[in-house]
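Given next are the chains, with one letter for each unit.
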Amino acid sequence: MSESENLKILVVDDHEVVLGGTIDLLKRQYPHAEILTAQTVEAVQQQLKANAANLPNLVVLDLSLPEKIGDTAQAEAGIRLLRTLMHDYPTLNLTVQSTYVKALVRIKPEIDKHGGGFTVADKGLSSKEMLVRVDWALNGITHTKDIRRGRMLEIKPDWLNVLKLAFYEGLQDRAIAERMNVSERTVRHYWTKIQDILEVYPEEDKQDGKNIRIQTEIRAREEGLID
Amino acid sequence: MRRPAWNSVKDIIATWRVWGLPGAIAIGLVVAARLTGSLQGLELIAFDTFLRSRPEELPDDRIVLVGFDDIEATGYPIPEQQIVDVIETIQSYKPAVIGLHIHKNQIAEFRNTPLLSTLQKHKNLIVSELITAAADQILAPAGFPDDQVGFIDIYQDKDGFLRRSSLGYYNPVNNDYKHSFTISVSERYLVSRDPSLKLSNGIRDTQAMRFGSTEIPRLLDDSGGYVDAVVGNPELLLKFRNATQPFQQITAHDIKSGTIDLNQLRDRIVLVSITDPIVRFSILTPIGEVNSPQIQAHVVSQIISAVLDERPLINTWNDRWEYVWIISWGVIAIIWGHTAFTNRIKLIGIITVQVVLISGSYLLLLAGWWIPIVPVSLVWLINGLGYTAFYKYDWVLRSRLKENQRLVEERQQMIEQIFNVIHNGPLQTLASVLRQLRDNDLPKEKLLVTLENLNLEIRQIGEHAKQETLSREQSLYLRDGIKLDLQTPIDELLYEVYSLTLERSEFSRFEALKVTYDFEPIEQNLLNIEQRQSLCRFLEEALCNVGKHAENAVHLWVTSTYYQGWYTVRVIDDGIGIQSMNEGEGTRYARKVASQLKGKFKRESAKPKGTLCQLSIPLTKSRWW
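Rules of the game
Residues numbered from 1 in each chain as written. Chains lettered and ligands numbered in written order. Predicted model: local features only at pLDDT ≥ 70, side-chain atom pairs only at ≥ 80, totals over all residues. Heavy atoms only, no water. Core = buried A, V, L, I, M, F, W, Y, C linked by side-chain atoms within 4.5 Å. Buried < 20%, exposed > 50% of the residue type's maximum accessible area, 1.4 Å probe, protein only. Helix = DSSP H or I, 4+ residues; strand = E, 2+ residues; numbered from the N terminus. Contact = heavy atoms within 4.5 Å. Axes fitted to C-alpha atoms, helices over the stretch in contact; angles between N-to-C directions. Parallel < 35°, antiparallel > 145°, perpendicular 65-115°, else oblique. Left-handed = near helix turned anticlockwise from the far one by under 90°. Nonpolar A, V, L, I, M, F, W, Y, C, P; charged D, E, K, R; others polar. Pairing = 2+ DSSP bridges. Phe/Tyr/Trp six-rings, centres within 6.5 Å; stacked < 30°, edge-to-face > 60°. Lys NZ or Arg CZ within 6 Å of the ring centre and 35° of its normal. Salt bridge = Lys/Arg side-chain N within 4 Å of Asp/Glu carboxyl O.

Q: So what about the nonpolar core? Which residues, and what values?
A: Ranked by internal contacts, the top residues of the largest apolar core, which has 76 residues, are Leu82 and Leu104 of chain A together with Tyr498, Leu539 and Val558 of chain B. At nine residues, the largest contribution of residues to this core is made by helix H14 (residues 529-549) of chain B. Apart from residues no more than four positions distant in its own chain, Leu82 of chain A is found in contact with Leu61, Leu63, Leu94, Val96, Leu104, Ile107 and Phe118 of chain A. In this structure, Phe181, Leu199, Val290 and Ala306 of chain B belong to the second largest nonpolar core, which totals 35 residues.

Q: Break down the packing of helix H6 (residues 157-167) of chain A against helix H7 (residues 173-180) of chain A for me, with residues and values.
A: All names here are of chain A. Remark: H6 packs on H7, axes separated minimally by 10 Å, with the N-to-C direction vectors making an angle of 130 degrees. In this view, H6 runs oblique relative to H7, as classed from their interaxial angle. Remark: the crossing between H6 and H7 carries right-handed chirality. Each of Asp158, Asn161, Val162, Leu165 and Ala166 in H6 lies in contact with H7, whose residues at this interface are Ile176, Arg179 and Met180. Class assignment for the residues of the contact of H6 with H7 results in five nonpolar, one polar and two charged.

Q: Break down the sheet that holds strand S1 (residues 63-68) of chain B for me, citing the residues and quoting the values.
A: Residues and elements named next belong to chain B. Taken in spatial order, the six strands line up as S6-S5-S3-S15-S1-S14 in an open sheet, and their pairing is parallel. Looking at the sheet topology across the chains shown, the edges are occupied by strand S6 (149-151) and strand S14 (248-251). Pairs of neighbouring strands in the sheet enclose a mean axial angle of 25 degrees, with direction left out of account. Where S1 lies against strand S15 (residues 269-274), six bridges are found, and the strand directions are parallel. Of the residues in S15, the one forming a bridge with Val66 is Val272. Each of S1, strand S3 (97-101), S14 and S15 touches helix H7 (residues 292-309); the most contacted strand, S15, lies at about 160 degrees to it.

Q: Explain the packing of aromatic side chains residue by residue, including any values.
A: Scanning the entire structure with this criterion turns up 17 aromatic pairs over all chains. When the centroid spacing of 5.5 Å and the interplanar angle of 90 degrees are considered together, the rings of Trp329 of chain B and Trp380 of chain B count as edge-to-face. Placement of the pair is Trp329 of chain B in helix H8 (residues 319-338) and Trp380 of chain B in helix H10 (residues 374-424), with a sequence separation of 51 residues. Given the relative accessible area of 2%, Trp380 of chain B is considered buried. Clustering of aromatic rings is evident, with ring pairs tying together Trp317, Trp325, Trp329 and Trp380 of chain B. A cation sits over an aromatic face here: Arg213 of chain A above Trp191 of chain A, 3.9 Å from the ring centre. For Arg34 of chain B, the ring lying beneath its charged end belongs to Tyr323 of chain B, and the centroid distance is 5.3 Å.

Q: For the environment of Val200 of chain A, give the residues involved together with the corresponding values.
A: All names here are of chain A. Here Val200 shows up in the loop between helix H8 (184-197) and helix H9 (202-208). Classification of Val200 as buried rests on a relative accessible area of 3%. As a C-alpha pair, Val200 and His143 span 57 residues in sequence and 9.4 Å in three-dimensional space.

Q: So what's going on with the side chain of Thr285 of chain B? Residues and values would help.
A: All names here are of chain B. With respect to the helices and strands, Thr285 occurs in strand S16 (residues 283-285). Exposure remark for Thr285: the relative accessible area of 2% places this residue in the buried category. Other than its neighbours up to four places away in sequence, Thr285 contacts Phe161, Leu162, Phe240, Val290 and Ile295.

Q: Lay out the pattern of salt bridges in plain terms, naming residues and giving numbers.
A: All names here are of chain B. For the structure on display, the rule yields 35 salt bridges over all chains. Of the charged contacts, one joins Glu322 and Arg34 as a salt bridge, the two residues approaching to 2.9 Å between their closest N and O atoms. With Glu322 in helix H8 and Arg34 in helix H1 (residues 2-35), this pair connects stretches of sequence that are 288 residues apart. Arg34 matches Glu322 in its accessibility class, with the two residues each being buried. The closest approach of N and O atoms between Glu187 and Lys198, which form a salt bridge, is 3.8 Å. Linking Glu187 in helix H5 (residues 181-193) with Lys198 in the loop between H5 and strand S10 (199-201), this pair joins segments that are 11 residues apart in sequence. A residue is classified by how much of its surface remains accessible, and Glu187, at 14% relative accessible area, is buried. Taken together, the shared-partner salt bridges connect Asp48, Asp157, Asp159, Arg163, Arg164 and Glu235 into one network.

So far we have only geometry, and geometry alone does not tell us how the molecule works.
In structure tokens:
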């Protein structure tokens, strides 16, 4: 992604070393970005409150966090924080780092509803892959492939409607929005979710030079979501 | 047909045996207290109060009291001559009767020549004597015939009050029957009015006295509030003439000096006595302090008023009827306290009846009946108030019983819950292992691991059961001991159940499914814990069924919707559909839940293929959540 002058990223991790590593990585990728840090749930909320007027473009979050300094780090606390963040800032872009990303399954419905980018990065990922996830999140893309159950494909009725309206009736987003009685923005949000479950991600497609909507249609037919 | 009726009668009797017992004990205690005399004092106080509260009566002008009021002037004992003079003077004015309420010892005889004998010629003169104390009887002056003699003995009750008067006395030693001064005077007067009004034996009670048609009720040992009146001889309950100055009172001096018009003595009853307070002590009566000649006057007035004016005497009930009366009110009080009226109404009822009882027995006394009021009030108030209070306690008791029943039901529910946990967890694992064993595609190591897991699962259920028993938590246990907090919003809760159930490794079918899921959030307070639990359990069951039976299923729709007051959880697959007509444990559970929650359960073939399984429950805003 092209470097933005006023990019602001909040990095949350309770381990100094990991925090430092992540910051280094991000600094290299986005030299002009303003990087904020927080090590506890409490600190994250303070940071966001302090930057309420100009929220960070992205929050890179470790799931295992202490509530406040001195507490032991727990995935439970991170999940709670994530819930609150998604509830309070519905368009905030998020990248969740964790050694155990499966814990996120529990808040899948909230992730589905979340309007901002949401990517999951296992801590075992390479730096390059990690940066891709960050980039996707910054672009409002959802990537939750890693927390999916087996080969199971889970879809919301609304998303299925978007697919049907788009590919059976050839409607544009605006027309789909009208038909579904939602905003065009919501329809676009649905598309990112659909693309996530169909594992259609921009980078790969761009390289192939394929149209992302067409790719989505092909995958949807493959999966039997549309005939 | 008769048996149920008899059974219900038996039930009522059984209920009342328990119910009536405290009240019966209260009645028994009151009756016992009355029989032993513990209530006599109270009953007499009530009697006195009623007597005192009677409306004012007119003075009885048929009786004139003549008193020697100054024994320092006359000397004491009173010189015989003075008495004779006074009587002769009175006699000259032709009174109906002269009663001499002065006994022999109060008269100073003149030179042993009893001048009184000169008065024997007056047939309307009644003289007095004291007879009951055998040791110091003071008999009437000699020479007067029996019907001109009467005894003037009086007795007070134990509490010092005088309430009754003896009318006759049978002396077994001499085998003679003596009349009281009051009877002799009354008879003489009544006969002078109407010769038919001679003293005779009673008709209803042969031992009672009667003038014409008026029978004087004979007081018995246990009449009215008395338990130990110790009578034996005819006695009269005094109904004092309630007037400030019931009888005209003049002095012996008035007679001698002629300062007042003595013509008023004509046809009157004139009672001559000593009224000087030095020898004439006052006696306590229900209407205040009165001296003994006045008491005699009251008795005479009471008798002649009853005969001539039909002024009511005081009757009492037979003891048996008194107790019937008392016990009846005790029983009525129990019934009243046991009615379903509110306590407020019950209290008002108790007070109203109490007021009616008191005023009723007062009015009855005016009409001549002394009925028990104290014991009746006691049983009425004790049982009425007691049962009213106890009824509330009983209500508490019953609600506690209900609570107990709830606990039993909860325990039952818990047992079912545990069974469900076992059914949805280990039993599924077991079924899956069995299937794989039959298919011969389970390596020994995998079998071992599975069995170990099974062992763990079952142990965990035991742990849960213990926890549940210790504190009924608002949680739901799924397989592998995953505990869900039932307080979380229903959409999240259902998602968790959905998500956790689909993760089960034993259902390989889930892995390739395309699932459409959506859980509709609703207001938190619309669902109570039980409803949440049932919906979650249903979803788990339904998904398990898909895992077990929905062969060839590609699509799965798992949704929950809230529409027109109904919350519906629906699971649809496009598998081979319902194959067996047998209902599994899961289906039975769902039917039961549906009936418990007044909901609807549906399990049917879907179109074009597959199975639809749904549970709808009606939601109303609950008071508790």
